[in-house]
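Now for the letters of each chain:
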Amino acid sequence: MTELRHRGAPDTDPPSDDKGSESELKDGASDSDSKVDSGIPEVPVPSDDTPEVLNKALSGLSSRYFLLCVNYFFYGFCMFVLSLVKKHYRLQFYMFGWTHVTLLIVVTQSHLIIHNLFEGMIWFIVPISCVICNDIMAYMFGFFFGRTPLIKLSPKKTWEGFIGGFFATVVFGILLSYVMAGYCYFVCPVEFNNDTNRFQTTDFADTIPGHGGIMDRFDCQYLMATFVNVYIASFIRGPNPSKVIQQLLALRPDQQLFIFNSLKTHLTERGLLPALEEAVA
């Protein structure tokens, strides 16, 4: 009897193991079902192999980038003053002026283009495409229908090409904006010198026969970058929540608590906070 009891005792334990394994299988199945139902694929998080010293150096450089640029500018200005030589003032100031014009045209416009990119790819692609469309359609209309000269600076530019390019660009811009506005990838933010023909009477380059050439395609791009940036700042750009949060996190704890209490009081007075609490509950 005792032997039977001892032999029968182990038989009572496996069912518990089976139940545990069954529960684990059920849990695993439920987890897998939830993963399948969610439809969100697991994306491996890439490991950051950048050294900590380099991260600190780059973060400090990015936060003081404008200060470094200003310091380098004043350093160059001081070197210019120290390099002045009598009987060469006119040439030196001439080069000094053209240096600033170059910086204004190249650096400033590039800076504005980068800002436009952060507002969404549509603010970069549509203006560039409109400039390209205007150049092509103005050339085509002027080539086939051009009769009346536009300006003496460019004898081959005609009023027919100007008007045809204008209306073709308006239609193209509306259609392209309508198509690109349907894609979030293009609309979501992350968060000049027009006298190129002065070198020659008719053509700046011979790459495109009877036309301004490659360099003539970039003058309007710089002007378009400035216009787009001013348009975004005047009509499109609004308060950016991500930037506000970054500024709040940079404050002291007591300042953060003060802003939190002020915001809570404001939302409560407007009757928005109870609705938010009910939605969370």
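For the structure, check the block above.
Since the model is a prediction, treat every value here as computed from it, not as a measurement.

A. Representation of the pattern of salt bridges in the model. Under the definition given, this model contains 1 salt bridge. For Asp254, the salt bridge is made with Arg252, and the minimal N-O distance between the two is 3.4 Å. With a relative accessible area of 45%, Asp254 lands in the partly exposed category. The partly exposed category is assigned to Arg252, whose relative accessible area is 49%.

B. Expanded view of the packing of helix H6 (residues 122-145) against helix H7 (residues 159-180). Remark: H6 packs on H7, axes separated minimally by 7 Å, with the N-to-C direction vectors making an angle of 150°. Here H6 lies roughly antiparallel to H7, going by the angle between them. Handedness of the crossing formed by H6 with H7: right-handed. Residues Ile122, Ile125, Val126, Ser129, Cys130, Cys133, Asn134, Met137, Ala138, Phe141, Gly142 and Phe145 of H6 lie in contact with H7, whose contacting residues are Glu160, Gly161, Gly164, Gly165, Phe166, Ala168, Thr169, Phe172, Gly173, Leu176, Ser177 and Met180. Split into classes, the residues belonging to the contact of H6 with H7 amount to 14 nonpolar, 9 polar and 1 charged.

C. Spatial organisation of the packing of helix H4 (residues 65-82) against helix H5 (residues 89-118). It is at 12 Å that the axes of H4 and H5 come closest, and there the two elements cross at 165°. Judged by the angle between their axes, H4 and H5 are roughly antiparallel. Handedness of the crossing formed by H4 with H5: right-handed. Side by side, H4 and H5 meet where Phe73, Phe77 and Phe80 of the first sit next to Gln92, Phe93, Phe96 and His100 of the second. Tallied by class, residues from the contact of H4 with H5 come to 5 nonpolar, 2 polar and no charged.

Here is what the cut-offs are and how they apply
- Residues numbered from 1 in each chain as written.
- Predicted model: local features only at pLDDT ≥ 70, side-chain atom pairs only at ≥ 80, totals over all residues.
- Heavy atoms only, no water.
- Salt bridge = Lys/Arg side-chain N within 4 Å of Asp/Glu carboxyl O.
- Buried < 20%, exposed > 50% of the residue type's maximum accessible area, 1.4 Å probe, protein only.
- Axes fitted to C-alpha atoms, helices over the stretch in contact; angles between N-to-C directions.
- Helix = DSSP H or I, 4+ residues; strand = E, 2+ residues; numbered from the N terminus.
- Parallel < 35°, antiparallel > 145°, perpendicular 65-115°, else oblique.
- Left-handed = near helix turned anticlockwise from the far one by under 90°.
- Contact = heavy atoms within 4.5 Å.
- Nonpolar A, V, L, I, M, F, W, Y, C, P; charged D, E, K, R; others polar.

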